Structure formats: C-alpha cells, structure tokens
Amino acid sequence: MELEIIHDRDEQKFFTVVNGKESHLTYSLWENGVINFNHTYVPNELRGQGIAAQIVKTGLDYAKENNLKIIPSCSYVDAYFRRHKEYQDLLREN
C-alpha cells in the first residue's frame, strides 16, 4: 500500500490518514542540526500493514536530505534504523 505521508512542520510530525485514522511519527528539532524522532503511532486496527515503516522512512529521508543528524529515541525508529544500513551515517554521535 502506497501512502501519502504529510510533513506538518508546525506540529513537528509526519503523518498519514488511513480509513479516517491518523498514524504518525513525531519529532523535535534540536540545535546544531539534530532531529529527535521520539514517537511512532499506528492505531491497532491498522498495524501490520507497513504504515509505520513508510512514515519512518519518510522521516529518515527528510533528515538525510536536510543534513540532519538523528536521535532515534522511539523504539520503533531505532529498530527500523538498525535494519536499514543506508541510514547509519545519520546517527548523532554522543
């Protein structure tokens, strides 16, 4: 399923709506070009369809395109990030 992922900069989230239900990835921008992906949510009835993966990929692609370093504080983002080696160079060094 190909989704339209919307970036709402004011609310600091990437989201999509499927069957009237919102799924999202929230973040906070930090100083020095750092983005902290802090929460992923997909309603129970929509889980298992790859929605979270598409939203997280969009967020990581945004970070890459904007030369941002990431902090994957959300466990789902962290797991996705570790499975997709093409994003490893985005990790903020401690």
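Note that this is a predicted model, so its numbers are computed, not measured. (Residues numbered from 1 in each chain as written. Predicted model: local features only at pLDDT ≥ 70, side-chain atom pairs only at ≥ 80, totals over all residues. Heavy atoms only, no water.)

### Considerations on the packing of aromatic side chains
The criterion, for reference: For this analysis, a ring pair means two rings from Phe, Tyr or Trp (six-membered ring only for Trp) whose centres lie within 6.5 Å, classed as stacked if their planes differ by under 30 degrees, edge-to-face if by over 60, and tilted for the remaining angles. By the criteria applied, helices consist of DSSP H or I runs no shorter than four residues and strands consist of E runs no shorter than two, each listed in order from the N terminus. Under the scheme applied here, a residue whose accessible area is under 20% of the maximum for its type counts as buried, over 50% as exposed, and between as partly exposed, the area being computed with a 1.4 Å probe on protein chains only. Counting as a charge over the ring demands two things of the Lys NZ or Arg CZ atom: a distance within 6 Å of the ring centre and an angle within 35 degrees of the ring normal.
Inspection of the entire model under this criterion finds three aromatic pairs. Seen from their ring centres, Phe 14 and Tyr 27 are 5.6 Å apart, and the 40° between their planes marks the pair as tilted. On the criterion of sequence distance, the pair formed by Phe 14 in strand β2 (residues 13-18) and Tyr 27 in strand β3 (residues 21-30) is long-range, its members being 13 residues apart. In this structure, Phe 14 and Tyr 27 share a single accessibility class: buried. An aromatic cluster of three or more residues is present, and its members are Phe 14, Tyr 27, Phe 37 and Tyr 62. Over the ring of Phe 15 we find Lys 13, and its NZ or CZ is 5.0 Å from the ring centre.

### Regarding the side chain of Thr 40
Basically, it comes down to this: Contacts are assigned to residue pairs that have any heavy atoms within 4.5 Å of one another.
The residue Thr 40 is located in strand β4 (residues 34-41) in this model. Once you skip the residues sitting within four places of it in the chain, Thr 40 turns out to touch His 24, Leu 25, Ala 52, Val 56, Cys 74, Tyr 76 and Val 77.

### A look at unusual backbone geometry
Phi is positive for Asn 19, close to 50°, though the residue is something other than glycine. Here Asn 19 lies in the loop between β2 and β3. Even without being glycine, Asn 32 reaches a positive phi, approximately 60°.

### A short note on the sheet that holds β2
Strand pairing in a sheet relies on backbone hydrogen bonds. The paired strands run either parallel or antiparallel. How we decide: Strands qualify as paired when DSSP identifies two bridges or more between them. Between N-to-C directions, angles cover 0 to 180 degrees, with each direction set by a line fitted to C-alpha atoms, over the stretch in contact for helices.
Strand order in this open sheet of five strands is β1-β2-β3-β4-β5, and the pairing throughout is mixed. If you trace the sheet from one side to the other, it starts and ends with β1 (6-8) and β5 (69-72), each paired once. Looking at each pair of strands side by side, their axes are set apart by 25° on average, direction ignored. Across seven bridges, the pairing between β3 and β4 is antiparallel. Counted as the bridge partner of His 24 is Tyr 41 from β4. Sheet strands touched by helix α1 (residues 51-65): β1, β2, β3, β4 and β5. Its angle to β2, the strand with the most contacts, is close to 150°.

### A look at the side chain of His 24
Going by this rule: In protein, a polar contact means a hydrogen-donor-capable atom and an acceptor-capable atom, both N or O and within 3.5 Å, with residues adjacent in sequence counting only if both atoms are side-chain atoms; elsewhere, any N or O pair within 3.5 Å suffices.
With respect to the helices, strands and loops of the structure, His 24 is situated in strand β3. Polar contacts involving the side chain of His 24 include one to the side chain of Glu 22, which spans 3.1 Å. When near neighbours in sequence (up to four residues on either side) are disregarded, His 24 contacts Lys 13, Phe 14, Phe 15, His 39, Thr 40, Tyr 41 and Ile 55.

### A closer look at the environment of Leu 90
Mapped onto the elements of the fold, Leu 90 is located in the segment after α2 (75-83). In this structure the C-alpha to C-alpha distance between Leu 90 and Lys 64, which are 26 residues apart in sequence, comes to 6.8 Å. Here Leu 90 is in contact with Leu 60, Ala 63, Lys 64, Leu 68, Lys 69 and Ile 70, once residues within four sequence places are set aside.

Note that all results are geometric; they support no functional claim without further evidence.
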